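Survey of secondary and tertiary structure
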Amino acid sequence: MSTLLGAKQPVLPYSMKHVHHYDNAKFRPRSFFQMVTQALVKSSIRRDCARCSTGKILVLLMFSGLAYLMFTHTSPVPSKSDELMHSSFRKYEDKKLIAGFKGFWRRPPRIPPRLTPDEKVNHNTSIFDSEKLNEKAKWEGRQNKVKEAFIHAWSGYSKYAMGYDELMPLSQRGTDGLGGLGATVVDALDTAMIMGANDIVLEAGTWIEKNLLERITAKGQVNLFETTIRVLGGLLSAYHLSGGEKGTDIIKFEGPKPTVYLEIAKDLADRLLVAFTASPTSIPFSDVVLRDRTAHPAPGGVSSTSEVSTVQLEFNYLSTVLNDSKYGLEAMKVLEHMRSLPTVQGLVPIYISPHSGEFIGQNIRLGSRGDSYYEYLLKVWLQHGTSQDSNFQYLHKMYEEAMKGVRSLLVRKSIPKGLVFVGELPSGSEDDFSPKMDHLVCFLPGTLALGATKGFTKKQAMKDNLVSFADLDNLNLAEDLTKTCFEMYAVTSTGLAPEIAYFHTEQGYSEVGLDGGNKSSEYINDIIIKPADRHNLLRPETVESLFVLYRITEDPKYREWGWQIFEAFEKHTKVDSGGFTSLNDVTKVPPERRDKMETFFLGETLKYIYLLFGW
């Protein structure tokens, strides 16, 4: 209280305790005469004093003194030499004195009411909020367009291929290329939940409840990796989003109870576990026969490095919700074993043997068969918590070492415009560098950004001192690579990226007449697209990185790039009868269509674009 009383009074009476300093009419300041008069008669003692003769004399003396001060003007007498120079100044002073005298009696002008600090903030914020609301409405409209595209894609699948793994939209029929477990149904379910496409949630959920368990027990060979990420992962996502244990119960969906998804996921995982337990090493076999719970290696006897190291998230989560450690333990043995293997500055070959447990060959790349090994080092570490004393801290160290290796051995710039890209070492670090970059490598920008900020926004991570100089370098590389991934789309005639691109480099790699077709692109001479690589499979990697980069940097350009990509999908891959199709050649308009809608277009591509446009 003493602090408040001793503090300087505010300019305006923002609380009642300050009102006596002001004239209440529009908060107008009182005149000096009013203040003196009120001060003399304020207390009972002063009122009593004013009634007696002595008091009257004191009041008279006070006003006499004030009048004397107002009418008396003294100043030093100027010398003769200064008189001419100061005459104009004396005239000014005389006028000033008279004006002061008149001003003493004149009522002060009314001051218009002023806003309080809170009111000022609210006034300014209202303008900002209006702009923000307009921006929000724009992106909600675009998000609804993505939802409409998802419903259109599902309508073609539901009409022509329900229960098959994938839709062939031009042929208007289904195909089983992933083991016949209805992969599109399961892979698309969590996207439908996120979008609030409730009719699709009910249709897909009902099909899963009635058919999937029977399919699992009757079907034959499936790939461990593909079945885990599309079917097991889809079931666990549906369990989580529909209100399962340790999930969210904010949204309630019609259809099966969450436990239905979990029970089917457990049955499937129990069968897939044989890929780990049947192997003589910690590296699982690549294929499983679900019907009789047996496993065997792929033709040639080796497994893909990315495949065996990209099943850990799902098995770890299943162990958590079932409170049964066996699933996570078997899956984590893979990464624990890889920890002991030799690397090339953290980089590893794309093949590994389940028989010897050793890497096979020297081919190093972040494209097919190598990509998600690096992605899951980070994501599994994040899944287990990021504390320094975690038993899984080795994963982050492996990730950091690998990213240093990427920067040192694989990152180059194209000519003439200097696009940053990630190439390959087909025969190891001692042999020639290849300026080849798969579209699959476009997962890397999102991973780099996620690793740099540990999942926080850049602003928050900087504020909390979570970002090192190496993290900032990785974040800058993430932004450069995201730009390159977008230009792989923008450089083509269709606005859609090829499956593989090569880059013109100073080392002499160049091929004439193999550009993307968009002659207005600034990078038409930097990117080379060979005829065999011009297909587009509706892949999600670039839009996933756009989503992560937007959330972390809050830079709106990533949304605009995502919108351009989505419009190109709408224009060139949408099939009127339902569904979307992959393309054979993105450099020509109209493009030749390939008649295949991959499950990941619904399960990932449209999901990430939808989330990118979210508010």
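Residues numbered from 1 in each chain as written. Predicted model: local features only at pLDDT ≥ 70, side-chain atom pairs only at ≥ 80, totals over all residues. Heavy atoms only, no water.

1. What to know about the overall build of the protein chain
- Of regular secondary structure, the protein chain possesses 22 helices and 15 strands.
- The burial tally for the protein chain puts 48% of its 615 residues in the buried class.
- Contacts in the protein chain between residues at least 24 apart in sequence constitute 67% of all its contacts with a sequence separation of at least 6.
- As displayed, the protein chain has an accessible area near 30,500 Å², and 54% of this comes from carbon and sulfur atoms. (Helix = DSSP H or I, 4+ residues; strand = E, 2+ residues; numbered from the N terminus. Buried < 20%, exposed > 50% of the residue type's maximum accessible area, 1.4 Å probe, protein only. Contact = heavy atoms within 4.5 Å. Areas by Shrake-Rupley, 256 points an atom, 1.4 Å probe, with all protein chains shown as cover.)

2. Remarks on unusual backbone geometry
- Note that the residue after Ile 415, namely Pro 416, is joined by a cis bond; omega there is 10°.
- Counting through the fold element by element, Pro 416 comes out in the loop between strand 11 (411-413) and strand 12 (420-422).
- A cis amide bond, omega -5°, links Val 589 with the succeeding residue Pro 590.
- Here Pro 590 is to be found in the loop between helix 21 (557-573) and helix 22 (599-612).
- Unusually for a residue other than glycine, Asn 465 sits at a positive phi of about 55°.
- Summarising the element assignment, Asn 465 is placed in the loop between helix 18 (458-463) and helix 19 (469-490).
- A relative accessible area of 68% means that Asn 465 is categorised as exposed.
- Residues other than glycine seldom take positive phi values, yet Asp 595 does so here, at roughly 65°.
- By the secondary structure assignment, Asp 595 is in the loop between helix 21 and helix 22.

3. Overview of the pattern of salt bridges
- Scanning all chains against the criterion turns up 22 salt bridges.
- For Glu 330, the salt bridge goes to Lys 333, with nearest N and O atoms at 3.5 Å. Of this pair, Glu 330 and Lys 333 both sit in helix 14 (residues 326-338), 3 residues apart, which is roughly one turn of that helix.
- Using a relative accessible area of 37% as the deciding quantity, one classes Lys 333 as partly exposed.
- Connected via shared salt-bridge partners are Glu 135, Lys 138, Arg 142 and Glu 560. (Salt bridge = Lys/Arg side-chain N within 4 Å of Asp/Glu carboxyl O.)

Interpretation note: all reported values are geometric properties and have no functional meaning in isolation.
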